[in-house]
Amino acid sequence: MAGGTRWRAVAMAYRVWLLLTVAQHVKGVVSRDPIFLAEIQNQTVSEGRNVRFACRVDNLGSHKVAWIHYENSAILTVSNHVITRNDRITVSRDKRQNTYYLHIRNVRETDTGKYMCQINTASAMTIAGYLTVVVPPDIVDNESSNDVIAQEGSDIKLRCRAKGSPRPIVTWKREDGQHIAINKSTTVLEYQGEVLRLSKVNRMDMGAYLCIASNGHPPTVSKRILVSVDFPPMLWIPHQLIGANRGKTVVLECFTEAHPTSLNYWTRGDGNMIYDSMKYRIENRVGNPDYKIHMLLTVRYLEEDDFGTYRCVAKNPRGETDGTIKIYDSGPPPTSPPPPTTEAEVFEKINNQVWDRSENRTRKRPNPQAVSDLNGEGEELDLREQERSLNLPAISPSSGSRGDSHVYLLAGLAGTACLLWARCF
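Residues numbered from 1 in each chain as written. Predicted model: local features only at pLDDT ≥ 70, side-chain atom pairs only at ≥ 80, totals over all residues. Heavy atoms only, no water.

A.B. asks: Please set out the pairing of strand β8 (residues 99-104) residue by residue, giving values where relevant.
C.D. replies: Among the six residues that make up β8, five are buried, leaving the element largely enclosed by the rest of the structure. Examined bridge by bridge, strand β3 (residues 51-58) and β8 share six bridges and lie antiparallel to one another. Its bridge partner being in β8, R56 is matched across the sheet by T99. Inspection of the sheet shows strand β7 (residues 89-94) paired to β8 by six bridges, in the antiparallel sense. Note that in β8 the partner of S92 across the bridge is Y101. (Buried < 20%, exposed > 50% of the residue type's maximum accessible area, 1.4 Å probe, protein only. Helix = DSSP H or I, 4+ residues; strand = E, 2+ residues; numbered from the N terminus. Pairing = 2+ DSSP bridges.)

In structure tokens form, the structure reads like this:
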């Protein structure tokens with residue numbers, strides 16, 4: 001009803017306009033034709049701004065000036081009167097400059113178009129200016145895709161609806177900077193269009209996708225759409241057979257991939273689940289991307305019961321998988337004599353080294369009792385050989401008794417031992 005009343009008012013005003021024009025010409029009131037003194041300037045403004053069009057006329061006489069919105073075929077003003085019911089539109093006049101102004105407050109995108117200044121001469125005189133209302137881009141959420149979950153191997157379609165003036169261009173990019181795989185043979189760094197179709201997606205396509213809308217007028221806007229690709233767990237084991245000695249600590253490893261995130265745990269060969277304890281330490285390290293998990297099981301201080309089979313298990317709503325690792329006893333470690341720790345042991349070792357330097361390497365070291373029982377020529381000959389092997393001064397039978405010789409021999413041994421002791425330390 002209100003719309004019909006409005007159009008009747010507009011029609012009435014236009015009829016009045018025509019009647020005034022005809023009456024003026026019938027009476028011959030106009031002596032000279034009006035002229036426009038200047039062109040109407042085109043204007044480009046952002047939505048929400050105010051604009052003003054100026055129409056300068058000379059020799060108007062009794063003619064009237066009207067403003068018309070060409071695209072809407074609507075008469076806005078006649079002379080100083082506003083015809084339209086749009087309360088954002090007003091008209092003013094500067095008599096000194098013979099100028100009529102059309103004012104539009106808080107312009108909207110629908111105000112875009114041609115605005116004509118018309119004089120009601122016999123053949124209407126018209127001049128026009130164009131208004132461009134710039135609207136920064138905006139993404140229409142209810143017409144755009146939200147986060148998507150798809151199974152591996154399926155096709156997905158992402159939509160990003162944007163509005164603005166001029167019409168925005170929509171560009172797709174991956175948040176991580178990786179290429180977008182349109183299909184098996186086509187990958188692009190960015191894609192233009194409101195709809196992005198991905199064929200036979202796999203786990204590498206998982207991530208955040210950005211649709212970016214721009215039309216050359218800031219600000220540029222974007223929307224983040226998360227694409228999740230579900231697939232059953234997969235598992236890799238770098239070392240399936242591990243040998244270790246008793247008392248040692250070993251670390252078992254499993255690498256898994258799954259989405260949604262899998263439940264990961266360890267069991268023994270008998271199926272009993274393993275928990276954190278003094279014996280076991282369990283750790284799950286999240287990789288990059290985060291659907292990769294590094295499973296670690298530390299077994300401390302191996303005992304007889306710790307040898308055997310271990311299982312790493314991963315399961316999610318899409319499936320389950322497991323792998324086995326076996327720890328076996330690699331035998332006792334190689335043995336070696338411990339280093340001497342007491343003074344007596346050190347002195348014994350030095351004495352052995354001294355006797356090993358003798359000319360006859362195969363001779364056994366004589367014990368002290370055998371030395372004390374030496375007599376006769378054979379005994380003194382044996383002592384001389386020992387003295388030469390130890391680089392001791394020669395002892396002749398005339399230099400003293402056999403007891404003195406024994407004393408010198410023992411004294412030489414003790415001196416040599418002291419020198420070696422000092423050199424060792």
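A.B. asks: How would you sum up a nonpolar patch on the surface? Please name residues and give values.
C.D. replies: Taken together, the side chains of M234, W236 and F255 present a nonpolar region at the surface, about 270 Å² in accessible area. Inspection of the secondary structure assignment puts M234 in strand β20 (residues 221-236). (Patch = residues over 30% accessible without salt bridge, like charges linked within 9 Å, V, L, I, M, F, W, Y side chains within 5 Å. Areas by Shrake-Rupley, 256 points an atom, 1.4 Å probe, with all protein chains shown as cover. Salt bridge = Lys/Arg side-chain N within 4 Å of Asp/Glu carboxyl O.)

A.B. asks: Go over the packing of aromatic side chains, please, and point to the residues and values.
C.D. replies: Evaluated as defined, the whole model comprises three aromatic pairs. On the basis of an interplanar angle of 25 degrees and a centroid distance of 5.4 Å, the ring pair of F53 and Y115 is categorised as stacked. Of this pair, F53 sits in strand β3 while Y115 sits in strand β9 (residues 113-119), and the two are 62 residues apart along the sequence. One exposure class covers both F53 and Y115, and it is buried. Consider the rings of F231 and Y291, whose centres lie 5.6 Å apart with planes at 90 degrees: the pair is edge-to-face. One end of the pair, F231, is in strand β20; the other, Y291, is in the loop between β24 (280-286) and β25 (292-299), with 60 residues separating them in the sequence. Given a relative accessible area of 0%, F231 falls into the buried group. Here the aromatic cluster, defined as three or more aromatic residues joined through ring pairs, consists of F53, W67 and Y115. (Phe/Tyr/Trp six-rings, centres within 6.5 Å; stacked < 30°, edge-to-face > 60°.)

A.B. asks: For the environment of P168, give the residues involved together with the corresponding values.
C.D. replies: As for its placement among the helices and strands, P168 is situated in the loop between β13 (162-165) and β14 (169-174). When neighbours within four sequence positions are excluded, P168 is seen to be in contact with P137, A162, K163, A213, S214 and N215. (Contact = heavy atoms within 4.5 Å.)

A.B. asks: Any chance you could break down the confidence of the model for the protein for me, citing the residues and the numbers?
C.D. replies: Of the residues in the protein, 71% have a pLDDT of 70 or more, and the chain-wide mean is 82. Contacts for the low-pLDDT stretch residues 26-30, under 50 throughout, to residues beyond four places or in other chains number five contacts. The low-confidence segment residues 389-425, where pLDDT is below 50, has 42 contacts with residues more than four positions distant or belonging to other chains. (pLDDT = per-residue confidence, 0-100.)

A.B. asks: Before we move on, can you summarise the state of the cysteines with the specific residues and values?
C.D. replies: Enumeration over the complete set of coordinates arrives at three disulfides. The disulfide that involves C55 links it to C117, with 2.0 Å between the sulfurs. Across the disulfide from C55 to C117, rotation about the S-S bond amounts to roughly -75 degrees, and the bridge is consequently left-handed. Here the residue C55 occupies a position in strand β3, and C117 occupies one in strand β9, the gap between them amounting to 62 residues. Residues C55 and C117 agree in their burial class; the two are buried. The disulfide partner of C254 is C312, and the S-S distance across this bridge is 2.0 Å. One quick way to see it: the torsion about the S-S bond of C254 and C312 is about -75 degrees, and its sign makes the bridge left-handed. With C254 in strand β22 (residues 250-259) and C312 in strand β26 (residues 308-316), this pair connects stretches of sequence that are 58 residues apart. Here C254 and C312 have matching classes, each one buried. (Disulfide = S-S within 2.5 Å.)

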